[in-house]
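# A structural walkthrough
Listed below are the residues making up each chain.
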Amino acid sequence: MNPEKDFSPLAPSVVRALNDKLYEKRKVAALEIEKLVREFVAQNNAAQIKHVIQILSQEFALSQHPHSRKGGLIGLAACSIALGKDSGLYLKELIEPVLTCFNDADSRLRYYACEALYNIVKVARGSVLPHFNVLFDGLSKLAADPDPNVKSGSELLDRLLKDIVTESNKFDLVGFIPLLRERIYSNNQYARQFIISWILVLESVPDINLLGYLPEILDGLFQILGDNSKEIRKMCEVALGEFLKEIKKNPSSVKFAEMANILVIHCQASDDLIQLTAMCWMREFIQLAGRVMLPYSSGILTAVLPCLSYDDRKKSIKEVANVCNQSLMKLVIPEDDETDEGKQSLSLQMEPKEESLSQQQVTSSGCLEASSNSSLSSTSVFNASSTDRVPVTLNLDGIVQVLDCHLHDTATGMMTRIAVLKWLYHLYIKTPRKMFRHTDSLFPILLRTLSDESDEVILKDLEVLAEIASSPAGQTEDQGPCDGSDTRFSQSELHIPVKASQLSSSGMKGMECSPSTPTMNSYFYKFMINLLKRFSSERKLLETRGAFIIRQLCLLLNAENIFHSMADILLREEDLKFASTMVHTLNTILLTSSELFQLRNQLKDLKTPESRNLFCCLYRSWCHNPVTTVSLCFLTQNYKHAYDLIQKFGDLEVTVDFLTEVDKLVQLIECPIFTYLRLQLLDVKNNPYLIKALYGLLMLLPQSSAFQLLSHRLQCVPNPELLQTTDSTKTTLGFKKATTTNIDYLELLQHFERVQNKHLEVRHQRVGRGEPPDRRVVL
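Here, residues in each chain are numbered from 1, in the same order as that chain's written sequence. In keeping with the predicted nature of the model, local features appear solely for residues at pLDDT of at least 70, side-chain atom pairs appear and are counted solely at 80 or more, and the whole-chain, interface and lining totals rest on all residues. Hydrogens and water are ignored here; the side-chain numbers use all heavy atoms of the structure.

## A closer look at the overall build of the protein
- For the protein, the count of helices and strands is 36 helices and 2 strands.
- A buried classification covers 54% of the 779 residues belonging to the protein.
- Residue burial considers only the protein chains on display, and all accessible areas are found by Shrake-Rupley using a 1.4 Å probe. Accessible surface computed for the protein: about 35,300 Å², of which carbon and sulfur atoms make up 51%. Numbering of helices and strands starts at the N terminus; helices are DSSP runs of H or I of at least 4 residues and strands are runs of E of at least 2. Burial classes: relative accessible area under 20% of the type maximum marks a residue as buried, over 50% as exposed, and values in between as partly exposed (1.4 Å probe, protein chains only).

## So, the packing of aromatic side chains
- Two aromatic rings, drawn from Phe, Tyr or Trp (for Trp, its six-membered ring), form a pair once their centres lie within 6.5 Å of each other, and the interplanar angle then sorts them: stacked below 30 degrees, edge-to-face above 60, tilted otherwise. The full count for this structure, using the stated rule, is 24 aromatic pairs.
- Note on tyrosine 428 and phenylalanine 436: the rings are 5.3 Å apart at their centroids and 75° apart in plane angle, and the pair reads as edge-to-face. Neither tyrosine 428 nor phenylalanine 436 differs from the other in exposure class; each is buried.
- Ring geometry for phenylalanine 443 versus phenylalanine 527: centroids 6.3 Å apart, planes at 80°, classification edge-to-face. On the criterion of sequence distance, the pair formed by phenylalanine 443 in helix H21 (residues 439-448) and phenylalanine 527 in helix H23 (residues 522-537) is long-range, its members being 84 residues apart.
- A relative accessible area of 0% means that phenylalanine 527 is categorised as buried.
- What links up through ring pairs into an aromatic cluster is the set Phe132, Phe136, Phe171, Phe176, Phe194 and Trp198.
- Here, over-ring charges are defined by two tests on the NZ atom of lysine or the CZ atom of arginine: distance to the ring centre within 6 Å, and angle to the ring normal within 35 degrees. Taking NZ or CZ as reference, lysine 526 lies 4.5 Å from the ring centre of tyrosine 523, over its face.

## Quick look at the packing of helix H4 (residues 66-83) against helix H6 (residues 107-124)
- Interaxial angles span 0 to 180 degrees and are taken between N-to-C directions of axes, which are lines fitted to C-alpha atoms, for helices over the stretch in contact. Close contact between H4 and H6 brings their axes to 8 Å; oriented N to C, the two are set at 10°. As far as their axial angle goes, H6 and H4 are roughly parallel. Listed contacts from H6 to Pro66, Arg69, Lys70, Leu73, Leu76, Ala77, Ser80 and Ile81 of H4 are Leu109, Tyr112, Ala113, Ala116, Asn119, Ile120 and Val123.
- Each residue gets one label: Ala, Val, Leu, Ile, Met, Phe, Trp, Tyr, Cys and Pro are nonpolar, Asp, Glu, Lys and Arg are charged, and the others, such as Gly, are polar. The class makeup of the residues in the contact of H4 with H6 is 11 nonpolar, 2 polar and 2 charged. An angle below 35 degrees is read as roughly parallel, one above 145 as roughly antiparallel, one from 65 to 115 as roughly perpendicular, and any other as oblique. Should any heavy atoms of two residues lie within 4.5 Å, those residues are considered in contact.

## Considerations on the pattern of salt bridges
- The salt bridge criterion pairs a side-chain nitrogen of Lys or Arg with a carboxyl oxygen of Asp or Glu, the two atoms within 4 Å. Inspection of every chain in the model, using the stated rule, returns 33 salt bridges.
- Arginine 291 serves as the salt-bridge partner of aspartate 336, at 2.7 Å between the closest nitrogen and oxygen. Taken together, the residues span a long stretch of sequence, with aspartate 336 in the loop between helix H16 (315-330) and strand E1 (348-349) and arginine 291 in the loop between helix H14 (272-289) and helix H15 (297-304) at a distance of 45 residues.
- Between arginine 534 and glutamate 538 there is a salt bridge whose closest N-O contact spans 2.8 Å.
- A single network of salt bridges, built from pairs that share partners, joins Asp137, Lys141, Glu182 and Arg183.

## Description of the packing of helix H5 (residues 91-101) against H6
- Remark: H5 packs on H6, axes separated minimally by 8 Å, with the N-to-C direction vectors making an angle of 160°. Relative to H6, the element H5 is oriented roughly antiparallel. Considering the relative orientation of H5 and H6, their crossing is left-handed. Contact with H5, carried on its side by Leu91, Leu94, Ile95, Val98, Leu99 and Cys101, involves Leu109, Arg110, Ala113, Ala116, Leu117, Ile120 and Ala124 of H6 and no other residues of that element.
- Class assignment of the residues belonging to the contact of H5 with H6 gives a composition of 12 nonpolar, no polar and 1 charged. A crossing counts as left-handed when the near helix is turned anticlockwise from the far one by less than a right angle, and as right-handed when that turn is clockwise.

## Structural notes on the side chain of aspartate 145
- In this structure, aspartate 145 sits in the loop between helix H7 (132-142) and helix H8 (148-167).
- Here a polar contact is taken to be a pair of N or O atoms separated by no more than 3.5 Å, where protein atoms must pair a possible hydrogen donor with a possible acceptor and residues adjacent in sequence count only if both atoms sit in side chains. Polar contacts involving the side chain of aspartate 145 include one to the side chain of arginine 110, which spans 2.7 Å.
- Residues within four places of aspartate 145 in sequence aside, it is in contact with Arg110, Val150 and Lys151.

## Overview of the side chain of histidine 564
- In this structure, histidine 564 sits in helix H25 (residues 559-571).
- Polar contacts involving the side chain of histidine 564 include one to the side chain of asparagine 613, which spans 3.5 Å.

## With respect to the nonpolar core
- Remark: nonpolar core denotes a set of buried residues (Ala, Val, Leu, Ile, Met, Phe, Trp, Tyr, Cys) joined through side-chain atoms within 4.5 Å. Ranked by internal contacts, the top residues of the largest apolar core, which has 247 residues, are Trp281, Phe563 and Phe634.
- Take this core: its biggest share by element is 10 residues, from H14.
- Residues in contact with phenylalanine 634, not counting those within four places in the same chain, are Tyr639, Ala642, Leu665, Ile669, Phe674, Tyr676, Leu677, Leu690, Ala693, Leu694 and Leu697.

## Examining the confidence of the model for the protein
- Each residue gets a pLDDT score, which is the predictor's confidence in that residue and runs from 0 to 100. Looking at the protein as a whole, the pLDDT averages 84, with 83% of positions reaching at least 70.
- Throughout residues 340-389 the model reports pLDDT below 50, and contacts reaching past four residues in sequence, or to other chains, amount to 131 contacts.
- Within the model, the stretch residues 477-518 combines pLDDT values under 50 with 72 contacts to residues more than four positions away or in other chains.

## Notes on unusual backbone geometry
- A cis geometry characterises the amide bond from serine 8 onward to proline 9, with omega recorded as 10°.
- Structurally, proline 9 is set in the segment before helix H1 (12-18).

## Comments concerning helix H26 (residues 576-592)
- Each helix should span, by expectation, one fewer than its residue count multiplied by 1.5 Å. Look at H26: 24 Å from first C-alpha to last across 17 residues, which is about the 24 Å you get at 1.5 Å a residue.
- The buried fraction of H26 is high, at 12 of 17 residues.
- Among the residues of H26, Leu576, Phe578, Ala579, Ser580, Met582, Val583, Thr585, Leu586, Asn587, Ile589, Leu590 and Leu591 are the ones counted as buried.
- You can read the cap of H26 off the contacts: a side-chain oxygen lies 3.3 Å from the backbone nitrogen of lysine 577, and it is on aspartate 575.

## What to know about the environment of leucine 635
- Along the chain, leucine 635 falls in helix H29 (residues 626-635).
- Measuring from C-alpha to C-alpha, the distance between leucine 635 and tyrosine 676 comes to 9.6 Å, with 41 residues separating the pair along the chain.
- Each residue touching leucine 635, except ones within four places of it in the same chain, is listed here: Leu590, Leu591, Arg600, Leu603, Lys604, Phe674 and Tyr676.

## Points about the environment of methionine 279
- Tracing the sequence through the fold places methionine 279 in helix H14.
- As for methionine 279 and alanine 321, which are separated by 42 residues in sequence, their C-alpha atoms are 6.4 Å apart.
- Ignoring anything within four residues of it in the chain, the contact list for methionine 279 reads Cys267, Ala303, Val304, Cys307, Ile317, Val320, Ala321 and Cys324.

## Looking at H6
- The end-to-end C-alpha distance of H6 is 26 Å, a good match for the 26 Å that 18 residues give at a rise of 1.5 Å each.
- Of the residues making up H6, those classed as buried are Leu109, Arg110, Tyr112, Ala113, Cys114, Ala116, Leu117, Ile120, Val121 and Ala124.
- At its buried positions, H6 is contacted by helix H2 (23-42), H4, H5, H7 and H8.
- The N-cap of H6, judged by a side-chain oxygen 2.9 Å from the amide nitrogen of arginine 108 a few residues on, is aspartate 106.
- Note on H6: the residue one or two positions beyond its end, arginine 125, has a positive phi of about 50°.

Laid out in structure tokens, this is it:
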């Protein structure tokens, strides 16, 4: 420092003392400065006061000499003490040089700077609030200071500043938020602790509404929640908890939409605490904001669905995710299926920023898509805090894209797959017209899902496929299969029941099915074709799940239509071996499944034109398998035709598989389903062809256990002479059926021969190509 320089009004002795290395001498100089400034205050001499502060700042606090800087700091603090309540007039000049010393390399000097600023702030109190940002910025740096003394000093200053903010109603929150938003991303533990402590203080002040600025700091808070320090995590958890309480109290002032993306991202965090906390927030957002969250459904599902498959180690996250999923599903209503944009009369009040958010698209990280492609009207309105009104739209395309991705992903857990299928079913129920735009793209993966290892997944998948096949919204002009091949099939051939609402009193007459049976649409036949294709390409699926799938479909849809359509498709099946296997499967289901009780009764008597049409349709396909054809005749009480068929068996190639099926048919005859047939054996006179047919089966069998079983049964047939009755009006059942059903049995028999000749030809071709033949009986 230049000794010849003029530092007046500071005396030379004061200047020397300020530059001294001893703290005691600098303190004495500070007392002299305090005395001098007090005199200037009494004289109201503002110019001299500014001059003294300028000298202490420029020549001392900002000096290159460390002792001079220390002297300048204590001198500035002395000025502040002398100024008292007037220090607010000079705060900028007092604070700036002190804050500069916060960056000094000397830790002792940084400590003195803390001490000086403490004294300045203590005197000025509320007057420092206009300078809060620079003070906060300096303090946030010292919070991470490596020197414990400096940290201790900064904490004292920090507490003082918090007291001032808490007791004041002039805090500039708007000006502070940008700084808070910047500092909240610090990775330093102490800086993070400092930030969280300030957020907790600001939250506690009634006059400060930090909730309105939550979207700007929420992401940073969730990042701090993942800190390695348990103490910091706990502090952050408390802060987030306080915010959530405030949100529940004042939902109308919350900018839900602006925070939706942030929650989606953190709901996918690897840190359990972050994920659970974000998921809890998401649950509250969906329940509080309701349909405001609808435009963000695709992103929410991206985050929530994988959590549904978590194990017990993440049970809490799984449970909250499940609530989120269920709550979100409830927000979709039939009005979301409206296609007339003009009908959207209801909208929600949102923040202006929501409009820009609504243009976002789904990203690979799972951020929200909220395009305005879909329309909406709603029965309930949630009022947010802005005057701008933006219609809420269900982004169906984005939702379907997410659901489709989860079904395609082989790593998707079982519970997630079930939830995806529940969503698809729900959407087909609530928004069928819009969903059918996606059906062609969803159809293949839904069919593949039938191969899932979980029965529960398959059940849900079948529910979706059944809804697709029966929804009126799926009716199109195209009645053919998905691959465009000519099926020579008209839907009019199916017995298609109508809903109760479509029935007139005259239309009910002769209806054989329940009025609640769903109407089949153009996708029904496509579904049947593709299901059989899948069984053909995946024989293991047919063996292990075929019966299960078909039985469930018979519960979900109309069993008659299923059997009618499958029989029609199999009639044109080129793979004859598969056709035979499939017919055998269908026949077993028809004869044994409780789900088919009504259909069996319908076929049993062939009373209606529909039942006779179904019999003829089934018969033509059942011809792929001779034994199933006979069993169908037994079921329909066509005993003469059954006998005629068995007579033809002598011309067939007898294989082990053939005899095995005859064996199984004998076992079936002993089951409850054929009780009526066994009782008809009592009426020998009116059922001669039944007895002949059974004897025909007996003659086909080698002397096995099945032979013995059927032989014993036929031994029980009574002597017709002993059962003579006086009722001469009875006619034989065979004759009665022939005259009342109008079925051309000769044509059916000729069809049977043609089909079996094709099978024989194909078997010989396989042998000619060196393929393994069917198992032959060695006689």
